[in-house]
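Each chain, written out:
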Amino acid sequence: MRKLAIILMAGVSFNTSAGLDEKIAASFAAKYEVCAVKLKVTPGYKLKALGLKIKADEIGRDKVSADYVKAFVKEKKKAWTLPLRKCQKFADRL
């Protein structure tokens, strides 16, 4: 129940007209793509960065719409503020 409330609150914070699933997908795809760029030059994370990029592309192929693209661009701007350590955690989980 608590996870549902968190997801719903996250959905309310978006201003685009994309559906909730598109917003969540855009958020993850943007984070994965930005982290892939950041980790590309980090020793020991080159292949994991490639995996993040592939995962971001998979998500993008599944959710192709104008609303998804708008949400993706918005989330990508926010994703650049992620610390490198958080990106490493994303890569280690995949």
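This report concerns the structure included in the present document. Note that the structure is a prediction, hence the values are computed from the model and not measured.

1. Here we look at the packing of helix 2 (residues 20–39) against helix 3 (residues 46–62)
In step 1: Two numbers describe how helix 2 lies on helix 3: the axes approach to 8 Å, and their chain directions differ by 155°. In terms of orientation, helix 2 and helix 3 fall into the roughly antiparallel class. Between helix 2 and helix 3 lies a crossing whose hand is left-handed. Along its contact with helix 2, which presents Ala-25, Phe-28, Ala-29, Tyr-32, Glu-33, Cys-35, Ala-36 and Leu-39, the element helix 3 presents Lys-46, Ala-49, Leu-52, Lys-53, Lys-55, Ala-56 and Ile-59.
In step 2: Residues of the contact of helix 2 with helix 3, tallied by class, amount to 11 nonpolar, no polar and four charged.

2. A look at the pattern of salt bridges
In step 1: Inspection of the entire model under this criterion finds five salt bridges.
In step 2: Between Glu-33 and Lys-53 there is a salt bridge, with the nearest N and O atoms lying 3.6 Å from each other. Pair noted here: Glu-33 is in helix 2 and Lys-53 is in helix 3, with a separation of 20 residues, a long-range link.
In step 3: Relative accessible area serves as the criterion here: at 16%, Glu-33 is assigned to the buried category.
In step 4: A relative accessible area of 31% means that Lys-53 is categorised as partly exposed.
In step 5: The structure contains a network of salt bridges with shared partners spanning Glu-33, Lys-53, Asp-57 and Lys-76.

3. Section: the state of the cysteines
In step 1: One pass over the full model with this rule turns up one disulfide.
In step 2: Paired by a disulfide, Cys-35 and Cys-87 hold their sulfur atoms 2.2 Å apart. Given an S-S torsion of about -65°, the disulfide between Cys-35 and Cys-87 has left-handed geometry. Of this pair, Cys-35 sits in helix 2 while Cys-87 sits in helix 5 (residues 84–93), placing them 52 residues apart in sequence. An identical accessibility class is assigned to Cys-35 and Cys-87; each is buried.

4. Comments concerning a nonpolar patch on the surface
In step 1: On the surface, Leu-20, Ile-24 and Phe-28 cluster together to form a nonpolar patch covering roughly 220 Å² of accessible area.
In step 2: Looking at where Leu-20 falls in the secondary structure, it is placed in helix 2.
In step 3: By relative accessible area, Leu-20 is classed as partly exposed at 33%.

5. Focus on a positive patch on the surface
In step 1: A contiguous patch of positive charge, built from Arg-85, Lys-86, Lys-89 and Arg-93, is present on the exposed surface.
In step 2: Along the polypeptide, Lys-89 turns up in helix 5.

Cut-off values and rules
- Residues numbered from 1 in each chain as written.
- Predicted model: local features only at pLDDT ≥ 70, side-chain atom pairs only at ≥ 80, totals over all residues.
- Heavy atoms only, no water.
- Axes fitted to C-alpha atoms, helices over the stretch in contact; angles between N-to-C directions.
- Helix = DSSP H or I, 4+ residues; strand = E, 2+ residues; numbered from the N terminus.
- Parallel < 35°, antiparallel > 145°, perpendicular 65-115°, else oblique.
- Left-handed = near helix turned anticlockwise from the far one by under 90°.
- Contact = heavy atoms within 4.5 Å.
- Nonpolar A, V, L, I, M, F, W, Y, C, P; charged D, E, K, R; others polar.
- Salt bridge = Lys/Arg side-chain N within 4 Å of Asp/Glu carboxyl O.
- Buried < 20%, exposed > 50% of the residue type's maximum accessible area, 1.4 Å probe, protein only.
- Disulfide = S-S within 2.5 Å.
- Patch = residues over 30% accessible without salt bridge, like charges linked within 9 Å, V, L, I, M, F, W, Y side chains within 5 Å.
- Areas by Shrake-Rupley, 256 points an atom, 1.4 Å probe, with all protein chains shown as cover.
- Lys, Arg positive; Asp, Glu negative; His and termini not counted.
- Charge placed at Lys NZ, Arg CZ, Asp CG, Glu CD.

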